[in-house]
Amino acid sequence: RSRSGARPKSRRSLRTGLLGLGSNVGDRRLHLQQAVDALPAVGVQVLAASSVYDTDPVGEVLAQPSFLNACLHVETALEPLELLDAAKRLERELGRKDGVRHGPRAIDIDILLLGSLELRHQRMLLPHEQLLSRRFVLIPALELDFALATPGGDRLADALAVLPFDEGVRWSGPPLHC
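Residues numbered from 1 in each chain as written. Predicted model: local features only at pLDDT ≥ 70, side-chain atom pairs only at ≥ 80, totals over all residues. Heavy atoms only, no water.

### Comments concerning the overall build of the protein
Alright, step 1. When its secondary structure is counted, the protein shows four helices and eight strands.
Alright, step 2. The secondary structure elements of the protein, listed N-terminal to C-terminal, are β-α-β-β-β-α-β-β-β-α-α-β.
Alright, step 3. By the compact-globule yardstick of 16 Å for 178 residues, the protein fits well, its C-alpha radius of gyration being 17 Å.
Alright, step 4. Principal axes of the C-alpha set define a box for the protein whose edges measure 65 × 35 × 35 Å.
Alright, step 5. A total of 178 residues make up the protein; the buried ones form 46% of that total.
Alright, step 6. For the protein, long-range pairs separated by at least 24 residues make up 73% of all intrachain contacts whose partners lie at least 6 apart in sequence.
Alright, step 7. Accessible surface computed for the protein: about 9,700 Å², of which carbon and sulfur atoms make up 52%.
Alright, step 8. Computed over 22 positive and 22 negative side-chain charges, the inter-centroid distance for the protein is 9 Å. (Helix = DSSP H or I, 4+ residues; strand = E, 2+ residues; numbered from the N terminus. Rg over C-alpha atoms; globule rule 2.2 N^0.38 Å. Buried < 20%, exposed > 50% of the residue type's maximum accessible area, 1.4 Å probe, protein only. Contact = heavy atoms within 4.5 Å. Areas by Shrake-Rupley, 256 points an atom, 1.4 Å probe, with all protein chains shown as cover. Lys, Arg positive; Asp, Glu negative; His and termini not counted. Charge placed at Lys NZ, Arg CZ, Asp CG, Glu CD.)

Structure follows, in structure tokens:
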């Protein structure tokens, strides 16, 4: 309590997290940079960005242009579903259209890790369900922090070491500006 007897306003604690960015439509690098630039306005501070990687499509739609992917080390006071809503809103504002799952898109913003949180919700899973199985996520994530691990203790470096090399991930350029 303050001197006046009023309780201080509660402050949300900040959590660090890991976001994944992807684009395979239009000026791919520009789309990634626009996402980085827009995140602070929704309550997400970008602390560091990985290099950018040109990657083969994976998932349900393989016949599409290659992606540019990067990872961001971020800090936010947003709760997981608030962060998801902010990411989806930014995707729409930056030109993402509704379409086929895993299909072409101007921007994709995935929440990969958020502090030590584990969440099983119909709208999202934390850590991201494909975090440990995608080279295009693991390589830029490990560039940011080689010691990264999931809240359950699974090391990202160990996951990368056992993945096959059939998913093409090629360095494309320096880190995005943050």
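From this point, the narrative continues.
### Here we look at the pairing of strand E4 (residues 67–76)
Alright, step 1. Taken across its 10 residues, E4 has eight buried, putting it largely inside the fold.
Alright, step 2. Sheet topology note: the strand E1 (residues 15–23)/E4 ladder contains nine bridges and is antiparallel. Directly across from glycine 17, in E4, lies its bridge partner valine 74.
Alright, step 3. Relative to E4, strand E2 (residues 44–49) is paired through five bridges, and the arrangement is antiparallel. For alanine 49, the partnering residue across the bridge sits in E4 and is leucine 72.
Alright, step 4. In the sheet, strand E3 (residues 52–55) pairs with E4 via three bridges, with the strands oriented antiparallel. (Pairing = 2+ DSSP bridges.)

### Description of helix H1 (residues 28–38)
Alright, step 1. By the burial criterion, the buried members of H1 are His31, Leu32, Gln33, Ala35, Val36 and Ala38.
Alright, step 2. For H1, the elements touching its buried residues are E1, E2, E3, E4, helix H2 (80–93) and strand E5 (108–114).

### Section: unusual backbone geometry
Excluding glycine, most residues fall at negative phi; most peptide bonds, likewise, are trans.
Alright, step 1. The residue after leucine 126, namely proline 127, is reached through a cis peptide bond having omega -5 degrees.
Alright, step 2. Counting through the fold element by element, proline 127 comes out in the loop between strand E7 (124–126) and helix H3 (135–144).

### So, the environment of serine 13
Alright, step 1. Positionally, serine 13 belongs in the segment before E1.
Alright, step 2. Placed 13 residues apart in sequence, serine 13 and glycine 26 show a C-alpha to C-alpha distance of 37 Å.
Alright, step 3. Apart from the residues lying within four places of it in its own chain, the contact partners of serine 13 are Thr76 and Ala77.

### As for the environment of aspartate 37
Alright, step 1. Counting through the fold element by element, aspartate 37 comes out in helix H1.
Alright, step 2. Sequence separation between aspartate 37 and histidine 128 is 91 residues; the distance between their C-alpha atoms is 23 Å.

### Some thoughts on the state of the cysteines
Disulfides are covalent bonds that link the sulfur atoms of two cysteine residues.
Alright, step 1. Under the criterion given, the structure shown has zero disulfides.
Alright, step 2. For cysteine 71, which is in no disulfide, the shortest distance to another cysteine sulfur is to cysteine 178 and amounts to 13 Å. (Disulfide = S-S within 2.5 Å.)

### Here's the deal with the pattern of salt bridges
A side chain of one charge can pair with a side chain of the opposite charge if their charged atoms are brought near each other.
Alright, step 1. For the structure on display, the rule yields eight salt bridges.
Alright, step 2. Where arginine 123 meets aspartate 85, a salt bridge forms, and the shortest distance between an N and an O atom there is 2.3 Å. Pair noted here: arginine 123 is in the loop between strand E6 (119–121) and E7 and aspartate 85 is in helix H2, with a separation of 38 residues, a long-range link.
Alright, step 3. Of the residues examined, arginine 123 reaches a relative accessible area of 41% and is grouped as partly exposed.
Alright, step 4. Aspartate 85 gets classed as partly exposed once you look at its relative accessible area, which sits at 34%.
Alright, step 5. The structure contains a network of salt bridges with shared partners spanning Arg28, Asp54, Asp56 and Arg170. (Salt bridge = Lys/Arg side-chain N within 4 Å of Asp/Glu carboxyl O.)

So far we have only geometry, and geometry alone does not tell us how the molecule works.
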